[in-house]
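The lines below spell out each chain.
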Amino acid sequence: QVQLVESGGGLVQAGESLRLSCVASGSISSINVMNWYRLAPGKQRELVASMSTGGNTNYADSVKGRFFISRDDDKNTVYLQMNSLKPEDTADYHCNVVGLTTVPGNRGFSSWGQGTQVTVSS
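Anyway, here's the lowdown on the structure attached to this text.

The rules behind these values
- Residue positions within a chain follow its written sequence, with the count starting from 1.
- Whole-chain, interface and lining totals are the exception, using all residues; otherwise, since this is a predicted model, local features are given only for residues with pLDDT of at least 70 and side-chain atom pairs are given and counted only at 80 or more.
- Only hydrogens and water are set aside; all other atoms, that is, all heavy atoms of the structure, feed into the side-chain values.
- Any two rings among Phe, Tyr and Trp, with Trp reduced to its six-membered ring, count as a pair given centres within 6.5 Å; such a pair is stacked if its planes are under 30 degrees apart, edge-to-face if over 60, and tilted if neither.
- Helix and strand definitions follow DSSP, with helices as H or I runs of at least four residues and strands as E runs of at least two, each counted in order from the N terminus.
- Think of it in three bands: with a 1.4 Å probe and only protein chains considered, a residue is buried below 20% of the maximum accessible area for its type, exposed above 50%, and partly exposed in between.
- Residue contacts are counted whenever heavy atoms from the two residues lie within 4.5 Å of one another.
- Each polar contact in these results corresponds to two N or O atoms within 3.5 Å; when the atoms are within protein, one needs to be able to donate a hydrogen and the other to accept it, and residues that are neighboring in sequence are counted only if both atoms are side-chain atoms.
- Paired strands, in this sense, are two strands between which DSSP finds at least two bridges.
- In this analysis an axis means a line fitted to C-alpha atoms, helices contributing only their contacting stretch, and an angle means the value between N-to-C directions, from 0 to 180 degrees.

1. Points about the packing of aromatic side chains
- Per the stated rule, a full pass over the model turns up 2 aromatic pairs.
- Here Y37 and W112 contribute two aromatic rings whose centre-to-centre distance is 5.0 Å and whose plane-to-plane angle is 45°, an arrangement assigned as tilted. Of the two residues, Y37 is situated in strand β4 (residues 28-39) and W112 in strand β10 (residues 108-112); the sequence distance between them amounts to 75 residues.
- Residue W112 is classed as partly exposed on the basis of its relative accessible area of 41%.

Quick look at the structure:
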């Protein structure tokens, strides 16, 4: 079982920055894909940033140039640096990691964190 714990959300003013973190723990052999999603009430879940094992990153158009995903493999941690925050960035942010466990016969996993709320005021 792989568990994810997010932190770093909060209430900030427009133009400020936050850094979200997501720490994975459990029977992890490897983490291959790391994603950050956000969900606002009444809106579709949006993939805002992703990173593969090769270091390739992708960002939603709405956050390009402002949000940056990074990772620390030794700590099984993924970060989302959010700069120049806008009110429309207000959402519940969830991390998702995909990889392999150390358990034979049950190797693959895709785990989700509990979410961390980001609220940006004007």
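Once you've had a look at it, read on.
2. A look at the environment of T101
- Mapped onto the elements, T101 comes out in strand β9 (residues 91-101).
- Take T101: its relative accessible area is 5%, and that puts it in the buried class.
- Sequence separation of T101 and S29 is 72 residues, and the distance between their C-alpha atoms is 4.8 Å.
- T101 has contacts with V2, S27, I28, S29, N106, R107 and F109, leaving out every residue within four places of it along the chain.
- Side-chain polar atoms of T101 contact the backbone nitrogen of V103, separated by 3.2 Å.

3. So, the sheet that holds strand β7 (residues 67-72)
- Pairing is antiparallel across the open sheet formed by 4 strands, whose spatial order is β1-β3-β8-β7. Each of the sheet's edge strands pairs with one partner strand only, and the pair in question is β1 (2-7) and β7. Between one strand and the next, the sheet's axes are offset by a mean angle of 15°, whatever the strand orientation.
- Two strands pair when backbone bridges link them, and β1 and strand β3 (residues 18-26) are joined in this way by 6 bridges, in the antiparallel orientation. Of the residues in β3, the one forming a bridge with V5 is V23.

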